[in-house]
Structure formats: C-alpha cells, structure tokens
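Structural overview
Read off the chains here:
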Amino acid sequence: MDGVRSWAGFVADNLDGVLERSLEHLTLVAGVMVAATLFSVVLGIVLMDRPVARQAALGAAGVLLTIPSLALFAVFIPLVGIGNRPAQIALFLYAILPILRNTVTGLGSVDEAVVESARGMGMGPLQQLLRVRVPLAWPVVMAGVRVSTQLVTGIAAIAVLVGGGGLGAYIQRGLTSLGNPFSIERVWTGTVFIILLALVLDLVLGLIGRRTTSPGIR
C-alpha cells in the first residue's frame, strides 16, 4: 500500500510530464498505425487474387515480426539518424502482419454468391470491391488493426533507446537509476500508462469499428 501511495504521489507531482510523454507515445503510435493500415489494406486488396504473391507477402511480414525489436530499431539509425524516425519505420514493419493477414482473410471469406449477385446487378469490379467485399470483410480487418495497435503500443516503449520519445523514457530512467529515489515509481509510471493508453486505443478502435460496420453484419 505504501508503494501504491508513493507511486500515486510521484504521478501527481509529475503529471504534466506524464501527460506530455503520453501524448508523444500516442502521436508515435497513431502515425504508424494510420500508415500501416492504409498500406496493409491496399496490399491485401492487390494480393487478393494472387495466392503465390499473397503467401510470399505474409511470409515476409511474418519474418519481420520475428526480428528482435531493438535490433530492428537500430538497423535504421545509419539511414535516418536517431530520434523517432527509426522507431517509426521499425514499428511500421511490425504493424503490417496482423492487418495484412486479416485483410486477406476477410476478403477471402466473402461469400462468392454475394459477389455474384452484385455482378448480376450490374456492379463492376471496383463497385464489387468497395460496396460488397470491403464492407463485409471490414470487421475482420478492424480486428487486425486492433491487434496491431496493441503490439505497436507496447513495442514503442523502446523508441527511447534510439533517441525517440514516449513513455519508455520513464522505464529507461527508472531502470538506469535503480536504488535511487523514485526509480521504481518511474518504471511503474511508464508501464501503467502504456497499458492504459493501449486500453484506451483499443476502446476507441472498437467504437470506430462498430460505427463503420454495416448494421446488417454487426
């Protein structure tokens, strides 16, 4: 209980800094997720009828996800320098697989009879895609976006190690000053607020998914 009170006091005394770091973390994650979602959904649509290329892309995205995060972050430092840029590139690569996999799965699960009916109504290929396939696949796509967002929010904590911002700064400073006053409180501050941010983002994406899904398939 004393530990909880000490942590709460630390947060209260440093609330402005915590909120600033939280905003940095949110900005980093949001920018990456917008780019990764657009890229992965478009790529999934392009690969929809290309099974060999689709499997190759999924395999490549899966390999990227197995690379240790700090190593992947560091790879881009010689190319773009330190700061948020290498973190953004690495997080973008990590974000691709869940969204791409769910996009191709969702598009592939659309009943061909429904597509055939749309074709019979005179819809062209683009109309079939935008008015039938994508809307029906959208809940599956959004599930991938939510998973990817949780993944990126957590991994973004180590952006500080390559000169980036975010809540990872509290964790880093706490770990490098263990034994000193408020070191544990700093670690807990970074950890707890990353979890809270992830939960809030998941809630927001859940609401967006519900609002953008046709009432007939909710």
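The structure reproduced in this document is the subject of the present report.

What counts and how
Residues numbered from 1 in each chain as written. Predicted model: local features only at pLDDT ≥ 70, side-chain atom pairs only at ≥ 80, totals over all residues. Heavy atoms only, no water. Helix = DSSP H or I, 4+ residues; strand = E, 2+ residues; numbered from the N terminus. Contact = heavy atoms within 4.5 Å. Areas by Shrake-Rupley, 256 points an atom, 1.4 Å probe, with all protein chains shown as cover. Lys, Arg positive; Asp, Glu negative; His and termini not counted. Charge placed at Lys NZ, Arg CZ, Asp CG, Glu CD. Phe/Tyr/Trp six-rings, centres within 6.5 Å; stacked < 30°, edge-to-face > 60°. Axes fitted to C-alpha atoms, helices over the stretch in contact; angles between N-to-C directions. Parallel < 35°, antiparallel > 145°, perpendicular 65-115°, else oblique. Left-handed = near helix turned anticlockwise from the far one by under 90°. Nonpolar A, V, L, I, M, F, W, Y, C, P; charged D, E, K, R; others polar.

Moving on: the overall build of the chain. Check the secondary structure of the chain and you find 10 helices and 0 strands. Seen in sequence order, the chain has helices and strands lined up from the N terminus as α-α-α-α-α-α-α-α-α-α. Oriented by its inertia axes, the alpha-carbon framework of the chain measures out at about 70 × 40 × 20 Å. Partitioning the contacts of the chain with sequence separation of at least 6, the portion at a separation of at least 24 is 75%. Summing over all exposed atoms, the chain offers an accessible surface of approximately 11700 Å²; the carbon and sulfur share of this is 67%. Averaging the locations of the 15 positively and 11 negatively charged side chains of the chain gives two centres separated by 7 Å.

Going through the model one piece at a time under the given rule, you end up with 3 aromatic pairs. Here the aromatic cluster, defined as three or more aromatic residues joined through ring pairs, consists of Phe10, Tyr170 and Phe182.

This part takes up the packing of helix α8 (residues 125–155) against helix α10 (residues 183–211). Look at α8 against α10: their axes get within 10 Å of each other, and the N-to-C directions meet at 165°. With respect to α10, the axis of α8 lies roughly antiparallel. Considering only the axes of α8 and α10, their crossing is right-handed. Seen from α8, the contacting residues are Trp138, Met142, Val145, Arg146, Thr149, Gln150, Thr153 and Gly154; seen from α10, they are Ile194, Leu197, Ala198, Leu201, Asp202, Leu205, Gly206 and Gly209. Partitioned by chemical class, the residues of the contact of α8 with α10 number 8 nonpolar, 6 polar and 2 charged.

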